[in-house]
Amino acid sequence: QIQFHDNGIGISDDRKDLIFKKGYNRQKGMKGMGLGLSLVSKIMELYGGKIWVENRVADDFSKGSNFIVQIPQTN
């Protein structure tokens, strides 16, 4: 498991699932192509892993985000 913490503006609950969808940034007029998190999400799915985002501070998304990536162990 790998975690990435930031103390930026955070991600509201209604956007947490959307940021992993292809082209999301383009739909919202944001910078970038909207491929990064959707690509990571697809790779995790193909390898049986997971990625998700949580509030860095519980119940206050404005304090930043915590991205969690779980990569399955191979034998």
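My aim in this report is to walk through the structure given alongside it, one point at a time. It should be emphasised that the depicted structure is a prediction, and the values quoted were computed from it without experimental measurement.

Criteria and cut-off values
Residues numbered from 1 in each chain as written. Predicted model: local features only at pLDDT ≥ 70, side-chain atom pairs only at ≥ 80, totals over all residues. Heavy atoms only, no water. Helix = DSSP H or I, 4+ residues; strand = E, 2+ residues; numbered from the N terminus. Buried < 20%, exposed > 50% of the residue type's maximum accessible area, 1.4 Å probe, protein only. Contact = heavy atoms within 4.5 Å. Areas by Shrake-Rupley, 256 points an atom, 1.4 Å probe, with all protein chains shown as cover. Pairing = 2+ DSSP bridges. Salt bridge = Lys/Arg side-chain N within 4 Å of Asp/Glu carboxyl O. Core = buried A, V, L, I, M, F, W, Y, C linked by side-chain atoms within 4.5 Å. Phe/Tyr/Trp six-rings, centres within 6.5 Å; stacked < 30°, edge-to-face > 60°. Axes fitted to C-alpha atoms, helices over the stretch in contact; angles between N-to-C directions.

Re the overall build of the chain
- Counting its regular elements, the chain contains 2 helices and 3 strands.
- Traced from its N-terminal end to its C-terminal end, the chain shows the element sequence β-α-α-β-β.
- Across the 75 residues in the chain, those meeting the buried criterion constitute 28%.
- Relative to all contacts within the chain whose residues are 6 or more apart in sequence, the contacts with residues 24 or more apart total 51%.
- Of the roughly 5600 Å² that the chain leaves accessible, carbon and sulfur atoms contribute 53%.

A word on the pairing of strand β3 (residues 60-70)
- Pairing geometry for strand β1 (residues 2-5) and β3, over 4 bridges, is antiparallel. Across the sheet, residue I2 finds its bridge partner in β3, namely V69.
- Pairing geometry for strand β2 (residues 50-57) and β3, over 7 bridges, is antiparallel. Its bridge partner lying in β3, I51 is registered against V69.
- The hairpin turn running from β2 into β3, its antiparallel successor, is 2 residues long, and D59 in that turn takes a positive phi close to 65 degrees.

Points about the pattern of salt bridges
- All chains considered together, the criterion is met by 2 salt bridges.
- A salt bridge links D13 to K16; its shortest N-O distance comes to 2.7 Å.

Notes on the nonpolar core
- Counting residues in each nonpolar core, the largest one holds 8 residues, listed as I11, I19, F20, M44, I51, V53, F67 and V69.
- Sorting the residues of this core by element identifies β2 and β3 as the ones contributing at least two each.
- Contact partners of V53, with chain neighbours within four places excluded, come to I11, K16, I19, F20, S65, N66 and F67.

Here's the deal with the packing of aromatic side chains
- The full count for this structure, using the stated rule, is 1 aromatic pair.
- Considering the side-chain rings of F20 and F67, the 6.5 Å spacing of their centres and the 75 degrees angle between planes classify their relative orientation as edge-to-face. Of this pair, F20 sits in the loop between β1 and α1 (24-27) while F67 sits in strand β3; the two residues are 47 residues apart in sequence, bridging distant segments of the chain.

Some words on the sheet that holds β3
- Here we have 3 strands laid out as an open sheet, ordered β1-β3-β2, and antiparallel in their pairing. Here the strands that pair on one side only, and so sit at the sheet edges, are β1 and β2. Each strand axis lies, on average, 25 degrees off the axis of its neighbour in the sheet, ignoring direction.
- Set on the sheet, helix α2 (residues 36-46) makes contact with β2 and β3; between it and β2 the angle comes to about 125 degrees.

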